[in-house]
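Inside the fold
This is what each chain is made of:
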Amino acid sequence: MLVLALDTSSAGGSLALARDGRLVDEATGDPSLTHGQRLPGELQGLLDRHDLTTEAIDRYAVAAGPGSFTGLRVGVATIQGLALVHNRRVVAISVLDTLVEVAARLADRDGLGPDLIAPWVDAKRGEVFSALYEPVPSADAANTQRPAGARWRVAVEPVAVAPVALLDTWADMLATHRVWVIGDGVAGYRPLFAGRLGPGSRTIHETPPLAGVMAVMASVEPWCRQAVAPHALRPIYVRRPDAELARERRRRAEP
Amino acid sequence: MSETTLLGIETSCDETAAAVAVETAAGPASWEIRSSVIASQVEIHREWGGVVPELASRQHLRDICGVVERALCDGRVGWAQLDAIAVTQGPGLVGSLLVGVAFAKALAVALDRPLVPVHHLAGHIESLFLCHPHLPLPAVVLVVSGGHTSLYHLPQAGTYRLVGRTRDDAAGEAFDKVAKLLGLTYPGGPVIDRLARRGDEHAIRFPVARMTHADRVEEPATVVPPGSPKIGEGRMDFSFSGLKTAVARYVRRRQATGPGALSETELADICASFQRAVVDALLDRAFEAARRFGACSLGIAGGVSANSRLREVATARGVERGLPVMLPTLHLSTDNAAMIAAAGLRRLRAGMTASLDLNADAALTL
């Protein structure tokens, strides 16, 4: 089972190849180019390095978001085109789930892992995309044979919100739990975490290329079961279109 | 020559479209459109009174796989039979264009076939050749839609020289804006066209934009050679924002002084008078351009070319002046991929293919 994964949720993004659940190759994209310029050339370059064509790919994985709207659409449209021609299925993977997978793998190595994981993605406009994940309350939770991320589930649904507002909302929980906050949104807001995180909590802003993580995730349960036809791919935007938000604000302002 | 089969994709605004075209010999006389599928988003944008770019981009992504598959199915063509992929590179809404371009590039890689970038307005111009393969050349073509109002001189097939364009609103945009201020639904063109049939187009004298001194002074009838620098920039330009303001001012004045809301008759008269002003502005310049360039025909393409009054007056003026007026079918008037496939066939024949770093260009020039 050969999986080709693509992440265009942030500048540069990444791409990766996994065979039978093991990472074969990964690369970060050229951040000086737009996703529109670098794709699908960089994907073809990756395949060329392994003497492969798109026909050899059994399944695709693509970052579904949240992230840059334009980036997500370029990535999804690219994967749709590749998958449609060869009648392949695609696993759309949440960027937040992927960050939880990264954190959970670290936690497995650390021994004393977190109580909660909060992926923290830069949403621009002074906001972050975030959610809160908790361990699955079952025997599976401690089963380290299962993929790390599969032992976590969403406790608080994804939002796009100002970091301070989110940290204020989570204040009690942050003070009483070991919380790992992970993602590219951490670096820009690091000072905000000072004095808010309790013992055992940490912030992680450096992550591996997400496409590599996604390529492996798409090969295993539970994500491999979520593979769909390319027609059914839907980005996870989290933030609603500006036009809808503006209309809502206008309606609220009306007497 | 063997057959060339090409898939065209169009996502420049709010229609997701795909078409399969086949060329059996050189030139448009041999072009055959095997299928043309359009997924319109008009119902999504109606409640907003215009196209919302972010909503349009999101919908393209939902529709593109199904639209392309349907085009292949309707055209009875498999992936392996395609010789090239053509896609609208611009101009248009960048988020919408990006979906089509990224998708088309992926198809080109997966199929190992050439990618042909197409200018959206070149597509509209080529829609005329789909309907009239032997369109007399040289020609002048007016491309008029919700996003564009431009005049092109075609000295020969495949060569497009811009000789005039709108300086502000496109004609179709003016229809939409006037419809909105009259409380009519989006898109405004078809609604105004329908209401205008019941009105008196001479009831109100709305101004036709005069762009330059030359507009007011009749010049001697001379035929200018193609590409001549004597045709100064702006001489063939259009303007519609003043007309829209004039309608708004008229409606405000009427509502301030007259009784109650506009009656059906008043509404129909405003629509008819506004439409006449637009049609006159468009055709005055188009026929003038045809005269200056010694055109053997005048083509009118784009969404506004579906306007019944424009078609009627253009055809009548053409008969009067002995100038054939060429119009596309209604299906080919609005945005579609058949025209992109046609323009793609012409460019492919000329060897104009793109590399994989092709990017969407919202302000692409022709």
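These figures come from a predicted structure and were not determined experimentally.

Considering the overall build of chain A
Helix and strand counts for chain A stand at 9 helices and 10 strands. The C-alpha atoms of chain A give 19 Å as radius of gyration, which agrees with the globular expectation for 255 residues (18 Å, within 12%). Principal-axis analysis of the C-alpha atoms places the extent of chain A at approximately 55 × 50 × 30 Å. The 255 residues of chain A split such that 50% are buried. Put simply, of all contacts in chain A between residues at least 6 apart along the chain, 67% involve residues at least 24 apart. A total accessible area of about 11,000 Å² is found for chain A, and carbon and sulfur atoms account for 50% of it.

Points about the sheet that holds strand 6 (residues 139-144) of chain B
Sheet strands associate in pairs through backbone hydrogen bonding, adopting either a parallel or an antiparallel arrangement. Residue and element names in this part refer to chain B. Taken together, 5 strands build an open sheet; the order of strands is 8-7-6-9-10 and the sheet is mixed. The outermost strands of the open sheet, each flanked by one partner alone, are strand 8 (161-165) and strand 10 (325-326). Sheet topology note: the strand 6/strand 9 (residues 297-301) ladder contains 5 bridges and is parallel. Across the sheet, residue Val140 finds its bridge partner in strand 9, namely Leu298.

Regarding the packing of aromatic side chains
Residue and element names in this part refer to chain A. A complete count under the given rule lists 6 aromatic pairs over all chains for this structure. With centroids separated by 5.1 Å and ring planes inclined at 80°, the aromatic side chains of Phe69 and Tyr237 adopt a geometry described as edge-to-face. Of the two residues, Phe69 is situated in helix 3 (residues 69-86) and Tyr237 in the loop between helix 8 (210-217) and helix 9 (242-253); the sequence distance between them amounts to 168 residues. Across the pair, exposure class does not vary: Phe69 and Tyr237 are buried alike.

Considering the pairing of strand 1 (residues 2-7) of chain A
Residue and element names in this part refer to chain A. Counting buried positions over the 6 residues of strand 1 gives 6, a clear majority of the element. Side-chain alternation along strand 1 places Leu2, Leu4 and Leu6 on one buried face and Val3, Ala5 and Asp7 on a second face that is also buried. Note that strand 1 and strand 2 (residues 14-19) share 6 bridges and pair antiparallel. Residue Leu4 lies in a different strand from strand 2, and its bridge partner there is Leu17. Taking the residues that link successive antiparallel strands as the turn, the strand 1-strand 2 hairpin has 6 residues, and the phi of Gly12 there is positive, at about 85°.

Here we look at the domain arrangement of chain A
All names here are of chain A. Partitioning chain A into structural domains gives domain 1 (2-94 + 208-243) and domain 2 (96-204). A separation of 24 Å is found between the C-alpha centroids of domain 1 and domain 2. Opposite the 20 residues of domain 1 that make contact, domain 2 presents 22 residues. Both faces combined, the contact of domain 1 with domain 2 buries some 1,500 Å², and carbon together with sulfur accounts for 64% of it. Across the domain 1-domain 2 interface, the total number found is 2 salt bridges. For the salt bridge of Asp242 with Arg125, the shortest nitrogen-to-oxygen distance reads 2.8 Å. The element best represented in the side of domain 1 that touches domain 2 is helix 8, accounting for 5 residues. Each residue belonging to the side of domain 1 that touches domain 2 can be placed in one class, and the counts come to 13 nonpolar, 4 polar and 3 charged.

A look at the sheet that holds strand 8 (residues 152-161) of chain A
Residue and element names in this part refer to chain A. Taken together, 5 strands build an open sheet; the order of strands is 8-7-6-9-10 and the sheet is mixed. Pairing within the sheet leaves two strands with one partner each, and these edge strands are strand 8 and strand 10 (202-204). Between one strand axis and the next, the sheet turns by 20° as a mean value, whatever way the strands run. Of the strand pairs in this sheet, strand 9 (residues 179-182) and strand 10 are connected by 3 bridges, and their pairing is parallel.

Overview of the domain arrangement of chain B
Residues and elements named next belong to chain B. Segmenting chain B into domains produces domain 1 (3-124 + 334-349) and domain 2 (137-220 + 230-323). Each of domain 1 and domain 2 has a C-alpha centre, and these two points are 28 Å apart. Contact residues are listed per partner, giving 15 residues for domain 1 and 13 residues for domain 2. Between domain 1 and domain 2, a total of about 1,200 Å² is buried, with carbon and sulfur atoms accounting for 68% of that surface. Of all residues in domain 1, the largest losses of buried area upon contact with domain 2 belong to Leu121, His124 and Arg346, amounting jointly to 43% of the total for that side. The interface formed by domain 1 and domain 2 holds 0 salt bridges in total. In this assembly, domain 1 and domain 2 are joined by 1 residue pair in polar contact (both at pLDDT 80 or more). Every element with two or more residues in the side of domain 1 that touches domain 2 is listed here: helix 1 (42-46) and helix 4 (120-131). Its residues placed into classes, the side of domain 1 that touches domain 2 shows 6 nonpolar, 6 polar and 3 charged.

What to know about the packing of helix 3 of chain A against helix 3 (residues 94-111) of chain B
Relative to each other, helix 3 of chain A and helix 3 of chain B sit at 35°, their axes nearing to 8 Å. Pair helix 3 of chain A / helix 3 of chain B crosses with right-handed handedness. Between helix 3 of chain A and helix 3 of chain B, the residues in contact are Thr70(A), Arg73(A), Val74(A), Ala77(A), Thr78(A), Gln80(A), Gly81(A), Leu82(A), Leu84(A), Val85(A) and His86(A) and Leu98(B), Val99(B), Ala102(B), Phe103(B), Ala106(B), Leu107(B), Val109(B), Ala110(B) and Leu111(B), respectively. Looking at the contact of helix 3 of chain A with helix 3 of chain B residue by residue, the class counts come to 14 nonpolar, 5 polar and 1 charged.

Thresholds applied
- Residues numbered from 1 in each chain as written.
- Chains lettered and ligands numbered in written order.
- Predicted model: local features only at pLDDT ≥ 70, side-chain atom pairs only at ≥ 80, totals over all residues.
- Heavy atoms only, no water.
- Helix = DSSP H or I, 4+ residues; strand = E, 2+ residues; numbered from the N terminus.
- Rg over C-alpha atoms; globule rule 2.2 N^0.38 Å.
- Buried < 20%, exposed > 50% of the residue type's maximum accessible area, 1.4 Å probe, protein only.
- Contact = heavy atoms within 4.5 Å.
- Areas by Shrake-Rupley, 256 points an atom, 1.4 Å probe, with all protein chains shown as cover.
- Pairing = 2+ DSSP bridges.
- Phe/Tyr/Trp six-rings, centres within 6.5 Å; stacked < 30°, edge-to-face > 60°.
- Domains from an automatic or database assignment.
- Buried area = accessible area lost by both parts, 1.4 Å probe.
- Salt bridge = Lys/Arg side-chain N within 4 Å of Asp/Glu carboxyl O.
- Nonpolar A, V, L, I, M, F, W, Y, C, P; charged D, E, K, R; others polar.
- Axes fitted to C-alpha atoms, helices over the stretch in contact; angles between N-to-C directions.
- Polar contact = N/O pair within 3.5 Å; in protein donor to acceptor, adjacent residues only side chain to side chain.
- Left-handed = near helix turned anticlockwise from the far one by under 90°.

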